[in-house]
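What the coordinates show
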Amino acid sequence: MPRGVRALRWARTWRPAVSVDMLALLAAAFFSLACNLAFWRSYAEAAGGIGSSVTMTVSLFLAIFGVNVLLMSVLLGRRTAKVVLTGLLFVTAFAVYYMHVYGVYLDPDMVRNVIHTDSKESRELLTPGLVPWLLGYAVLPSVLLWRLRLRPKPWRKGLLHRGALAMGGLVLTVAALAVGFQPIAALMRNHRDLRHLITPGNYIVSVARVVQDVVKESPTRRLVGADARSRPRGARKPRLLVIVVGETVRAQNWGLNGYARNTTPQLARRGVINFSDVSACGSSTEVSLPCMFSDIGRANYDRDTIRRSDSLLHVLDRAGIATAWLDNQAGCKGVCAGLPFTSLADAKDPQLCNAERCLDQILVDRLPATLRTGVDQVIVLHQLGNHGPRYFARYPSRFRAFTPTCDTGQLGDCTRQQIVNSYDNAILYTDHVLATLVDRLERDLTRDSAMIYVSDHGESLGEGNIYLHGMPYPIAPPTQLRVPMTVWLSPGLARSRGLDVQCLRARASKAVSHDNLFSSVLGLLDIQTAARDTSLDLFGRCSAPQGRPSGA
């Protein structure tokens, strides 16, 4: 009989029998040895090399193995072991890939990002480079798993054995940490976010925390700006403020900030006021969007309080300002709850949309349909912007100014310069969209208008082998936390509001943040409320008392 035939027959008949306890140990060993590449890479960078302290390295490995033994003994039961473990293998394969390739940390905020990612964003992240990782970390181990036969045990005996295994895992973890306590404690104190790289415990714990937050979330909202009111309009024109929320644009590549490339040539010719030192509230949309529209901000950041509080838009609505949200992204994250909301992600426009996405020009084109006659309005345009990794798909071909470009979502197939070129082209297109919006507002002589553009967070483009965004805030690099912010004011609005534009330009180089948005919008529209913090109002120090022209 040929050797190949014998091997195939052996593979078909290979069905070893193991206990659930042994399966738990094998699974713990696999996860500990094969699935923590990102952790050990970051650990080596933080500790000065894997071999810098043999005691600490061995203690950490044994502690990780002990934790995985504890997890597997709790999660795997005889009737459900194969199904549960198969699910863990596939989730872990995705986790290992994105942690290793993009530098992702699986903390609760990142898990929320994943949960709230729409199908279009998900498809863009499913690149060919993922296939080998799925085969090696999920498909092959799952095939081997389902060839195993699990030995039955009386339920009392099985429960006793699993309890003993869990206790053994706990004892091993405690003992390992005790042996290397001093160096490990110092390492984790200085690099706390390393724990979000230990797989699969990182995503299991993070998912549990997210579920816990959902369960305890209060259905009642915290009332903000109950006293909010707008001054009577009188004879002045109605005011229109368009807030453009950029996506994933970082300050370092914004032309108006002094970037070596002129990525904002059209805005530079529109007389805008550019704030050059702006910090984001978070490194992801899930954190930054609710935060920038809240009265709490990053200074006193509390995710739960922000989520169950009225946003800036609710305060404006209470003051009689008509609000609307036009979205070319993944929603308003609760900021516009109960208020007019229109998604353009699936709009049908042969010039601006394909089967996957619409270009951001569609937000400006659909703006007129949202305008109302004779009332003050605030309209938010939520851009697709520079959402990665498919930067090349965020702009039409005529904006392919910087070449060669990275024309794939598989960033590992491109040089860093190609990635930067595509990213800068996308900013060049955002510049065009914003300039088109300014021109449209300027032509509307029936309203006094203004535009505020601010990005939600930045992006890493390979610096330190980190890509995309969403790193935990304490360790997120400046590339993810520094964002552009640009303001355009019509002469009529500046005049009616008593704003000294030269004063604003002079102050635009000072450090500001997303925390300034809430009170600045209230100040610009002259909304009277105790919720407005005058120290955070960017326009307040450059405005004359209402009713008197600036400088009078």
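Residues numbered from 1 in each chain as written. Predicted model: local features only at pLDDT ≥ 70, side-chain atom pairs only at ≥ 80, totals over all residues. Heavy atoms only, no water.

**Description of the state of the cysteines**
Disulfide: a covalent bond connecting the sulfur atoms of a pair of cysteines. Under the counting rule described, the total for this entry stands at 5 disulfides. Across a sulfur-sulfur distance of 1.7 Å, Cys281 and Cys291 are joined as a disulfide pair. Between Cys281 and Cys291 the sulfur-sulfur dihedral comes to about 60 degrees; the bridge is accordingly right-handed. Of this pair, Cys281 sits in the loop between β5 (273-279) and α13 (285-292) while Cys291 sits in helix α13, placing them 10 residues apart in sequence. We note that Cys281, like Cys291, is buried. Covalent S-S linkage joins Cys353 and Cys358, the inter-sulfur distance amounting to 2.1 Å. Across the S-S bond of Cys353 and Cys358 the torsion is about 105 degrees, and the bridge reads as right-handed. For Cys353, a relative accessible area of 14% gives the class buried. Disulfides within the chain link the bonded cysteines, taken in sequence order, as 1-2, 3-4, 5-6, 7-8, 9-10. (Disulfide = S-S within 2.5 Å. Helix = DSSP H or I, 4+ residues; strand = E, 2+ residues; numbered from the N terminus. Buried < 20%, exposed > 50% of the residue type's maximum accessible area, 1.4 Å probe, protein only.)

**Notes on helix α9 (residues 155-179)**
Its 25 residues place the ends of α9 36 Å apart at the C-alpha level, agreeing with the 36 Å of an ideal helix rising 1.5 Å per residue. The set of residues buried in α9 consists of Gly158, Leu165, Ala166, Gly169, Thr173 and Ala176. Each element contacted by the buried residues of α9 is listed here: α2 (20-34) and α4 (54-75). (Expected span 1.5 Å × (residues − 1). Contact = heavy atoms within 4.5 Å.)

**Focus: the environment of Met110**
Examined against the element boundaries, Met110 turns out to sit in helix α6 (residues 108-115). When sequence neighbours within four positions are dropped, the list of residues in contact with Met110 reads Val104, Tyr105, His469 and Gly470.

**Quick notes on the confidence of the model for the chain**
Looking at the chain as a whole, the pLDDT averages 91, with 96% of positions reaching at least 70. When the criterion is pLDDT under 50, residues 547-552 qualifies, and its contacts beyond four places in sequence or with other chains add up to 7 contacts. (pLDDT = per-residue confidence, 0-100.)

**Some points on the packing of α4 against helix α10 (residues 181-190)**
Packed helices, taken two at a time, are described by their axes: the angle between them and the distance between them. Running from N to C, α4 and α10 point in directions that differ by 75 degrees, and their axes come no closer than 9 Å. Classified by the angle their axes make, α4 and α10 are roughly perpendicular. Counting all contacts with α4, which are made through Met56, Ser59 and Leu60, the residues of α10 involved are Pro183, Ile184, Leu187 and Met188. The class makeup of the residues in the contact of α4 with α10 is 6 nonpolar, 1 polar and no charged. (Axes fitted to C-alpha atoms, helices over the stretch in contact; angles between N-to-C directions. Parallel < 35°, antiparallel > 145°, perpendicular 65-115°, else oblique. Nonpolar A, V, L, I, M, F, W, Y, C, P; charged D, E, K, R; others polar.)

**Description of the pairing of strand β4 (residues 239-246)**
Within β4, 8 of the 8 residues are buried, leaving the element largely enclosed by the surrounding structure. Of the two faces of β4, the one lined by Arg239, Leu241, Ile243 and Val245 and the one lined by Leu240, Val242, Val244 and Gly246 are each fully buried. Where β4 lies against strand β9 (residues 448-455), 8 bridges are found, and the strand directions are parallel. Opposite Arg239, over in β9, you have Asp448 as the bridge partner. Sheet analysis places β4 next to strand β8 (residues 377-382), joined by 6 bridges and oriented parallel. Directly across from Val244, in β8, lies its bridge partner Leu381. (Pairing = 2+ DSSP bridges.)

**Things to note about the packing of aromatic side chains**
Evaluation of the coordinates by the stated rule reveals 15 aromatic pairs. Arranged with centres 5.9 Å apart and planes meeting at 10 degrees, the rings of Trp133 and Tyr137 form a pair that is stacked. Highlighted residues: Trp133 and Tyr137, both in helix α8 (residues 130-147), separated by 4 residues, approximately one helical turn. What makes Trp133 buried here is its relative accessible area of 19%. A relative accessible area of 15% means that Tyr137 is categorised as buried. Taken together through their ring pairs, the aromatic side chains of Phe30, Phe31, Tyr97, Tyr98, Tyr102, Trp133, Tyr137 and Tyr467 make up a single cluster. The ring centre of Tyr423 lies 5.9 Å from the NZ or CZ of Arg250, which sits over that ring. (Phe/Tyr/Trp six-rings, centres within 6.5 Å; stacked < 30°, edge-to-face > 60°. Lys NZ or Arg CZ within 6 Å of the ring centre and 35° of its normal.)

**Details of the packing of α2 against α9**
Axis separation between α2 and α9 bottoms out at 10 Å; the angle between their running directions is 25 degrees. Compared by their axis directions, α2 and α9 come out roughly parallel. Every pair of crossing elements has a handedness; the one defined by α2 and α9 is right-handed. Between α2 and α9, the residues in contact are Val20, Asp21, Ala24 and Leu25 and His161, Arg162 and Leu165, respectively. (Left-handed = near helix turned anticlockwise from the far one by under 90°.)

**A look at the nonpolar core**
Counting 101 residues, the largest nonpolar core has Phe39, Met72, Leu85, Leu381, Leu437 and Met451 as its most contacted members. By residue number, the principal contributor to this core is helix α17 (residues 416-443), which donates 12 residues. Met292, Cys332, Ala508 and Val521 belong to the second-largest nonpolar core, a separate cluster that totals 48 residues. (Core = buried A, V, L, I, M, F, W, Y, C linked by side-chain atoms within 4.5 Å.)

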